[in-house]
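Listed below, chain by chain, are the residues.
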Amino acid sequence: MTEITVATFNAGLLDGFIPHSRGRAGPVAAALGALDADLVALQEIWSEGDRRLVAETTPLGHVIGADPLEGDVTGFALDGTTGIMLLSRWPLLATSAVELPSYFTRRAVIVAEVDVPGGPVTVLATHLAANIRNVEHRDPGGWKGEHRTHVLEVLRLAAEASGPVLLAGDLNCGPERRDGFTEFAANYDLLRSGFETSAYADDPASTCTWCPDNPLNPFAGATILDHVMESGFRPLAWRRILDEIVEVDGDDGPVETTLSDHYGVAVTLALD
């Protein structure tokens, strides 16, 4: 039996939008470097400098990012970057970046065949469309429609996998829960139907990853947006991670805050 710990974390390193991005970059990289995980899906590592910092800091020896994607970046924010990365303890046998049809923010899925002991595993690492409330979508279906398109593409990619498959990322959707608001719940249910388990979100005792008590999160409500879903594995343990308070060089001096406006998730799985 092989045990695999898979983590996902949205680092929120978005200058000018999420506070203290420059001061948080170093602590984020250090926390990722100390993380006990075999595979790590990352989101919102937008700049080339931050991607380099993460790659140089992680003890995991195999790193891939989706950026830069080929094609025209006209009309996209952030110079058409996707901000997603995948870190792996094991060699990557084959990799690709599949672009998702997107408006305003460019989206993609990293598809990697990972040489895990016990057999190759397909990993899908992504950051699906967000409900950007202050930006009007150009299409009648709005952000919910774009998100559903992304869900269908992820399901297609997962169905093409010949063996065990993992999906990890900020999926910008979550299950209906009594303890907070729900984002794109119908799309979440559709996505969840394509995987055997989603250990963290399926546990009613699990707490939010997008939380109103986070000092970097200006929005109300609590939900789980960050997920590890899997097929072909047996979940052993799951937990919320990277939710500690740290001191960083803030915009106006030292400040105590969280590493990101999101908290992460880690799931330990058995590959029998």
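Right above here is the structure, for reference.
The structure reproduced in this document is the subject of the present report. (Residues numbered from 1 in each chain as written. Predicted model: local features only at pLDDT ≥ 70, side-chain atom pairs only at ≥ 80, totals over all residues. Heavy atoms only, no water.)

### Quick look at the sheet that holds strand 8 (residues 165-170)
One open sheet accounts for 5 strands, arranged 5-6-7-8-9; its pairing is mixed. Every interior strand has two partners, whereas the edge strands, strand 5 (92-100) and strand 9 (226-231), have only one. Across the sheet, the mean angle separating the axes of adjacent strands is 15 degrees when strand polarity is ignored. Both strand 6 (residues 107-114) and strand 7 (residues 121-127) contribute to a ladder of 6 bridges, which runs antiparallel. Its bridge partner being in strand 7, Ile110 is matched across the sheet by Ala125. The strands that helix 3 (residues 142-160) touches are strand 5, strand 6, strand 7 and strand 8; relative to strand 6, the one it contacts most, it runs at about 15 degrees. (Pairing = 2+ DSSP bridges. Helix = DSSP H or I, 4+ residues; strand = E, 2+ residues; numbered from the N terminus. Axes fitted to C-alpha atoms, helices over the stretch in contact; angles between N-to-C directions. Contact = heavy atoms within 4.5 Å.)

### Focus on the state of the cysteines
Evaluated as defined, the whole model comprises 1 disulfide. In this model Cys208 forms its disulfide with Cys211; the gap between the sulfur atoms is 2.1 Å. Residues Cys208 and Cys211 share a disulfide whose torsion about the S-S bond is about 125 degrees; that sign makes it right-handed. Classification of Cys208 as buried rests on a relative accessible area of 14%. Residue Cys173 stays outside any disulfide, its sulfur separated by 16 Å from that of Cys208, the closest cysteine. Its relative accessible area of 0% is what places Cys173 among the buried residues. (Disulfide = S-S within 2.5 Å. Buried < 20%, exposed > 50% of the residue type's maximum accessible area, 1.4 Å probe, protein only.)

### Regarding helix 2 (residues 48-57)
Taken as a whole, helix 2 has its buried residues at Asp50, Arg51 and Val54. Summarising the axial view, the buried residues of helix 2 lie within an arc of 100 degrees, below the 170-degree limit, and thus occupy one face. Residues of helix 2 that are exposed and angled more than 90 degrees away from the buried face: Glu48 and Glu56. Next to the buried residues of helix 2 lie helix 1 (21-33), strand 2 (39-43) and strand 4 (85-88). (Arc of directions from axis to C-beta.)

### Quick look at the sheet that holds strand 13 (residues 264-271)
Strands sit in the order 3-4-2-1-13-10 across an open sheet of 6 strands; the sheet is mixed. Each edge of the sheet is formed by a strand with only one pairing partner; in this case those strands are strand 3 (62-65) and strand 10 (234-241). Going from strand to strand, the sheet's axes swing by 15 degrees on average, the running direction of each strand aside. Relative to strand 4, strand 3 runs antiparallel, the two sharing 4 bridges. Each bridged residue has a counterpart across the sheet, and for Ile64 the counterpart in strand 4 is Leu86.

### Describing the layout of surface pockets
If you add up the space inside the largest pocket, you get close to 770 Å³. Together, 31 residues line the largest pocket, and Phe17, Glu44, Ala130, Ile132 and Phe219 are the ones closest to its centre. Residue composition of the lining of the largest pocket, grouped by class: 18 nonpolar, 7 polar and 6 charged. By volume, the second largest pocket amounts to about 230 Å³. Along the wall of the second largest pocket there are 16 residues; nearest its centre are Ala112, Glu113, Thr122, Ala161 and Ser162. Contributions of two or more residues to the lining of the second largest pocket are made by strand 5, strand 6, strand 7 and helix 3. Tallying contributions element by element places strand 5 first for the lining of the second largest pocket, with 4 residues. (1 Å grid on protein atoms, 1.4 Å probe; cavity = no way out; pocket = protein on both sides within 12 Å on 5 of 7 lines; lining within 4 Å. Points joined across faces, edges and corners; volume = space filled by probe spheres on them. Nonpolar A, V, L, I, M, F, W, Y, C, P; charged D, E, K, R; others polar.)

### Examining the nonpolar core
Counting 55 residues, the largest nonpolar core has Leu124 and Leu191 as its most contacted members. Those residues within four positions of Leu191 in sequence are excluded, and the remaining contacts are Leu128, Val151, Val154, Leu155, Leu167, Leu171, Cys173 and Met229. If you look at the next biggest cluster of nonpolar residues, it comprises 23 residues, including Phe9, Ala25, Val54 and Leu242. (Core = buried A, V, L, I, M, F, W, Y, C linked by side-chain atoms within 4.5 Å.)

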